Amino acid sequence: MAESLVVYWRLAGANIRAQMQYRVSFVIDVTATFLISFLDFLAVLILFHNVPRLAGWSVHEVAFLYGTSAVAFALAELLVGHSEQLALRLRTGTFDVLLARPRGTLYQVAASDLPLRRLGRALQGAVVFVYALAGAHIDWTAGRIAMLVAMVPTGILLFASMWIVALCLLFWTVDGSEFSNAFTYGGQTMTQYPIDIYGQWLRRFLAYLVPTAFVCYFPALYILDKEDPLGLPRIVQFIAPFVALASAVVAGLLWRSAVRHYRGAGG
Amino acid sequence: MIEVDGLRKEFTLRDGRFRRSRRTVEAVRDISFSVEPGELVGYLGPNGAGKSTTVKMLIGILVPTSGHVRVAGLEPSRQRIELARRLGAMFGQRIQLWWDLPLIESFELLRHIYRIPADRYKQSLARFRDVLDLDPFLRTPVRQLSLGQRIRGELTAAMLHEPELLFLDEPTIGLDVVAKQRVRAFLQEINTERGVTVLLTTHDLGDIERLCERLLVIDHGSLIWDGGLSELKQRYSGERTLIVDLEEPAPPLQLDGATVERVDGVRQWLRFRGSAAELTARAAATLPLVDLQVKEPDIEEIVRRIYEAPKP
């Protein structure tokens, strides 16, 4: 385990050195991502300029959702969001090279990239988060602080699982890196807004089928001390870490079956 | 070292993305052979014959549809990771080096991926630096290497962990004559001096003439030859070619037991069996000859004949 982490760090570090070969491009990338994602949040601010509250949520409360979700998403993407690389490997057959090495394939795919430019987005999320904390009125208790600390790792694990599911789809739709991006980026945009602005059906879908809501929404209800418009038992607000673990297990199993599919059908 | 028995691989192709029409293609049908430790075997076949499918099943990348495979005593599809530690593979154009990094850094990374102890790594690398003359470009990013340099790097990458068995897919493709020689000499050396078993997929018949004592030939998914190079030549080289230069251009010569293959000005190519002296005498009796030569079929010719032979 420890050895695997060391090797991961070496592989990922090698990738960072490779990115630094194109230093100017790297700096431009990070800055651009940072600025572009601010435009994204600007849309939220403009919305709230016209309506003071959206479904009972203030702008700072929404920023809280947005910030935690953006940070978790960006970090998850940094770790496993390598859909372009994987699609390229599948198209060109270099996935075979990974299978010919004495390491797990998901591990190698994860270690094959660490796109630091995505830190630009995490940074933006962090700024929005600070803005949220400054303006939202939170009654800090030990439980709420613990929840806040657990929120980001939980979110990373959940988003990473979604990314892995999206990567798995590539094995069936080899040319489909666009398709799987729609899946993950779409999912993340939803978690940035309070769940009740979506329709009844979609709301159910989100709450039950895609556990995305667990990333931020339910924990946020607890931290911000809000009523759950879905009327779900309070326990739902605490089970996020377990949902994250479960989804990681599901994603792991799906990855295995995707690789089995590849090894059966061949690249 | 390699045991293959009744190996088959079918692929299901879907025509169109959403329609349900499927058909099954047999890429490898019922292949059996075995390779002893220390052999250097050439694996030949036209494009799409099933060569790489076979090799992928030997490495454990693909799972066979049916049949038995044992490589180094392991079952590749189920013991992929264990097997990967003991074999090296180089897949022609599919590069395993890190494109943007200096060559030496790829080796460092592979050292960690394969868990090679530091002292063994040092020794191993020193040898390759010497034999493959890597020093001039060891610190150059891979993307800036020439093809020949890159192939030498790839060979090192495949061999750093000192595997017992090496799979090479087209190792000399696209190389110039000097680079080819160097790679061949290297393969010969690791085979004879270190006893590494090598399975070599190639279209380059020079590789085969120079390196392989034994050949496996596959076509349309079936093994059509398993044996020595010289037997293969004997079997398929019954026919030779007599090349004659006449005094002046003439219509194709009509001679019993010989067929004119080609006419180019005063030169004619006649394919024949049996005695060259006797045929030459008869040709000289028809028209005056200026010059002549007898050509034995080369391996290229033989392989072409095998591929073109009617399938059983």
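Remember, predicted model here, so these are calculated numbers, not experimental data.

What counts and what doesn't
- Here the residue index of a chain counts from 1 through its sequence in written order.
- Working convention: letters from A go to chains and numbers from 1 go to ligands, in the order in which they are written.
- Owing to the predicted nature of the model, reporting of local features is limited to residues with pLDDT of at least 70; listing and counting of side-chain atom pairs is limited to 80 or more, with chain, interface and lining totals taken over all residues.
- Secondary structure follows DSSP: runs of H or I at least 4 residues long count as helices, runs of E at least 2 residues long count as strands, and numbering of each begins at the N terminus.
- To sort residues by burial, count the other C-beta atoms lying within 10 Å of each one's C-beta; a count of 20 or more means buried, 12 or fewer means exposed, and anything in between means partly exposed. C-beta atoms are built from the backbone.
- Residue pairs are scored as contacts if the distance between their C-beta atoms, which are placed from the backbone, is within 7 Å.
- Any two strands with at least two DSSP bridges between them are considered paired.
- Helix axes are fitted to C-alpha atoms over the stretch in contact, other axes to C-alpha atoms as well, and angles between N-to-C directions run from 0 to 180 degrees.
- The start and end points of each domain follow an automatic or database-based domain assignment.
- Note on angle classes: values under 35 degrees are labelled roughly parallel, values over 145 roughly antiparallel, values of 65 to 115 roughly perpendicular, and the remainder oblique.
- We call a crossing left-handed when the near helix sits turned anticlockwise from the far one by less than a right angle, and right-handed when that turn is clockwise.
- What pLDDT expresses is the predictor's confidence in each residue, scored from 0 to 100.
- Amino acids are sorted into nonpolar (Ala, Val, Leu, Ile, Met, Phe, Trp, Tyr, Cys and Pro), charged (Asp, Glu, Lys and Arg) and polar (every other residue, Gly among them).
- The term nonpolar core refers to a group of buried residues, namely Ala, Val, Leu, Ile, Met, Phe, Trp, Tyr and Cys, whose C-beta atoms join them within 7 Å.

## Some thoughts on the overall build of chain B
Counting secondary structure elements, chain B contains 10 helices and 13 strands. Its C-alpha atoms give chain B principal-axis dimensions of roughly 75 × 55 × 40 Å. Per-residue burial for chain B yields a buried fraction of 35% across its 312 residues. Long-range contacts, defined as pairs at least 24 residues apart, comprise 67% of the intrachain contacts of chain B with a sequence gap of at least 6.

## Some words on the sheet that holds strand β11 (residues 258–264) of chain B
All names here are of chain B. With antiparallel pairing, 4 strands are arranged side by side in an open sheet as β11-β12-β10-β13. Two strands lie at the open edges of the sheet, namely β11 and β13 (289–295), each paired on one side alone. With direction set aside, neighbouring strand axes in the sheet form an average angle of 20°. Bridging between strand β10 (residues 240–246) and strand β12 (residues 267–272) involves 6 bridges; their strand directions are antiparallel. Of the residues in β12, the one forming a bridge with Arg240 is Phe272.

## Structural notes on the domain arrangement of chain B
In terms of domains, chain B is made up of domain 1 (2–234) and domain 2 (239–296). For domain 1 of chain B versus domain 2 of chain B, the separation of C-alpha centres amounts to 44 Å.

## Notes on the packing of helix α3 (residues 59–80) of chain A against helix α8 (residues 142–172) of chain A
Packed helices, taken two at a time, are described by their axes: the angle between them and the distance between them. Residues and elements named next belong to chain A. Running from N to C, α3 and α8 point in directions that differ by 50°, and their axes come no closer than 8 Å. Put simply, α3 runs oblique to α8. Of the two possible hands of crossing, α3 and α8 adopt the one that is right-handed. Every residue of α8 that contacts α3 at Thr68, Ser69, Val71, Ala72, Phe73, Leu75, Ala76, Glu77, Leu79 and Val80 is listed here: Met151, Val152, Gly155, Ile156, Phe159, Ala160, Trp163 and Ile164.

## Overview of the confidence of the model for chain A
Residue and element names in this part refer to chain A. Looking at chain A, pLDDT values average 80 and 85% of them are 70 or higher. The secondary-structure element of chain A with the lowest mean pLDDT is helix α10 (residues 200–209), recorded at 49, while helix α6 (residues 105–111) shows the highest, at 92. Note that pLDDT drops below 50 for residues 175–184; the model gives that stretch 18 contacts with residues more than four away or on any other chain.

## Thoughts on the environment of Leu253 of chain B
All names here are of chain B. Along the chain, the position of Leu253 falls in the loop between β10 and β11. Looking at Leu253, the number of C-beta atoms within 10 Å reads 19, which means it is partly exposed. Through-space distance from the C-alpha of Leu253 to that of Cys212 is 39 Å; in sequence the pair is 41 residues apart.

## Points about the interface of chain B and chain A
Contacts between chain B and chain A engage 23 residues on the former and 21 residues on the latter. Taken together, the elements giving at least two residues each to the side of chain B that touches chain A come down to β1 (2–14), α1 (51–59), α2 (80–86), β5 (87–91) and α3 (103–113) of chain B. By residue class, the composition of the side of chain B that touches chain A is 14 nonpolar, 3 polar and 6 charged.

## Remarks on the confidence of the model for chain B
In regions of low pLDDT, the predicted coordinates are not meant to be interpreted in detail. The predicted model of chain B has a mean per-residue pLDDT of 85, with 93% of residues at 70 or higher. Interface confidence in the predicted complex, given as ipTM, is 0.78; pTM for the same model is 0.78.

## Examining the nonpolar core
Counting 131 residues, the largest nonpolar core has Ala76 and Phe159 of chain A as its most contacted members. A per-element tally of this core places α3 of chain A first, with 16 residues. The residues contacting Ala76 of chain A, other than those within four sequence positions of it, are Gly81, Ile156, Phe159, Ala160 and Trp163 of chain A. Leu246, Ala258, Leu270 and Ala283 of chain B belong to the second-largest nonpolar core, a separate cluster that totals 8 residues.

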